[in-house]
Amino acid sequence: MSDNIKLSIEDMNLFYGNFHALHDINMHIPEKEITAFIGPSGCGKSTLLKSLNRMNDLVEGCKITGKVELDGEDIYSDMDVNILRKRVGMVFQKPNPFPMSIYDNVAYGPRTHGIRSKAKLDEIVEKSLRDAAIWDEVKDRLKKSALGMSGGQQQRLCIARALAVEPEVLLMDEPTSALDPISTSKIEELAMELKGKYTIVIVTHNMQQATRISDKTAFFLLGEVVEFSDTDTLFSMPKDKRTEDYITGRFG
Ligand SMILES: Nc1ncnc2c1ncn2[C@@H]1O[C@H](COP(=O)(O)OP(=O)(O)OP(=O)(O)O)[C@@H](O)[C@H]1O
Ligand SMILES: [Mg+2]
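Residues numbered from 1 in each chain as written. Chains lettered and ligands numbered in written order. Predicted model: local features only at pLDDT ≥ 70, side-chain atom pairs only at ≥ 80, totals over all residues. Heavy atoms only, no water.

### Observations regarding the UniProt feature "domain: ABC transporter" (unreviewed entry) in the protein chain
In step 1: Following the UniProt record, one finds the feature "domain: ABC transporter" (unreviewed entry) at residues 7–247.
In step 2: With 37% helix and 27% strand, residues 7–247 has end C-alpha atoms that lie 26 Å from one another. (UniProt positions renumbered as here; feature names shortened; annotations may be inferred. Helix = DSSP H or I, 4+ residues; strand = E, 2+ residues; numbered from the N terminus.)

Below you can see the structure in the form of structure tokens.
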């Protein structure tokens, strides 16, 4: 495990119009580890996740103060958003493959970044699908539509699509909430394999999932990060009464 900080969030506040959605967030996300965001619905987990690759830029009236740094560079002032999104990929709650072939889904990102060689694209597609643990299931139907895959397969395809542009960070917003237990455990195993190469931030409502796969956990409540520590510590010796109430199910 390294102690390098990949993403550094400093005194960050986020507003949707007049609504103050995130309050004074300070968080240092370590490189090549898995960080989990947990907390009740509406507490700001997806909002913070999306602000790590500026997905909130698309939301009208959204204003952010403070700083988010990727390897020490301010992502809001110093960085081209296309470069940022190449470095910080995202996988959403609902699998969202493009209505095109499995191959073209994975080749889409590399093509937009100018890769034209068929041999090179073949190589990237195979490697990404292998890394996402779905190659064997799809290698004989790469030209078939991605929409004909199961939900769990579609989610692993979306992970392959994110990996194809070789991001440094992978953001995952409840990536298993729509999946059965077998597909869920495949994605969990995958996340644990990928963390050797990537920094992963995952939102989950499943506290067992957070304890199974994450190194660090942040507990959110009403737009605040109440507690951020090693996952083992947060679940065994929470410092804050509110964290304790939540993880023991005594919440609300
Ligand atoms: N585009 C938006 N415009 C206005 N308010 C928003 C927008 N997106 C989210 N919010 C509000 O910000 C707060 C945080 O929402 P967010 O989606 O980050 O919560 P969450 O913790 O991910 O919840 P869940 O677990 O239900 O996904 C909520 O009160 C939500 O209504
Ligand atoms: Mg959410």
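### A few points about the site of ligand 1
In step 1: Ser 41, Gly 42, Ser 46, Thr 47 and His 205 are the nearest of the 13 residues found near ligand 1.
In step 2: Lys 45 places a polar side-chain atom, nitrogen or oxygen, 2.8 Å from an oxygen atom of ligand 1.
In step 3: Measuring from an oxygen atom of ligand 1, one finds a side-chain N or O atom of Ser 46 at 2.8 Å.
In step 4: Surface burial for ligand 1 is 63%, taken as the share of its 640 Å² of free accessible area covered by protein chains.
In step 5: Of the residues forming the shell around ligand 1, the biggest block, three residues, is contributed by helix H1 (residues 45–51). (Near = heavy atom within 4 Å. Polar contact = N/O pair within 3.5 Å; in protein donor to acceptor, adjacent residues only side chain to side chain. Areas by Shrake-Rupley, 256 points an atom, 1.4 Å probe, with all protein chains shown as cover.)

### Things to note about the sheet that holds strand S4 (residues 62–70)
Two strands in a sheet stick together by hydrogen bonds in their backbones, pointing the same way (parallel) or opposite ways (antiparallel).
In step 1: Pairing in this open sheet of four strands is antiparallel, and the strands run S2-S1-S4-S5 from one edge to the other. The open sheet terminates on both sides in strands that have one partner only, identified here as strand S2 (19–30) and strand S5 (73–74).
In step 2: Here strand S1 (residues 5–16) pairs with S2 via eight bridges, running antiparallel. Each bridged residue has a counterpart across the sheet, and for Phe 15 the counterpart in S2 is His 20. (Pairing = 2+ DSSP bridges.)

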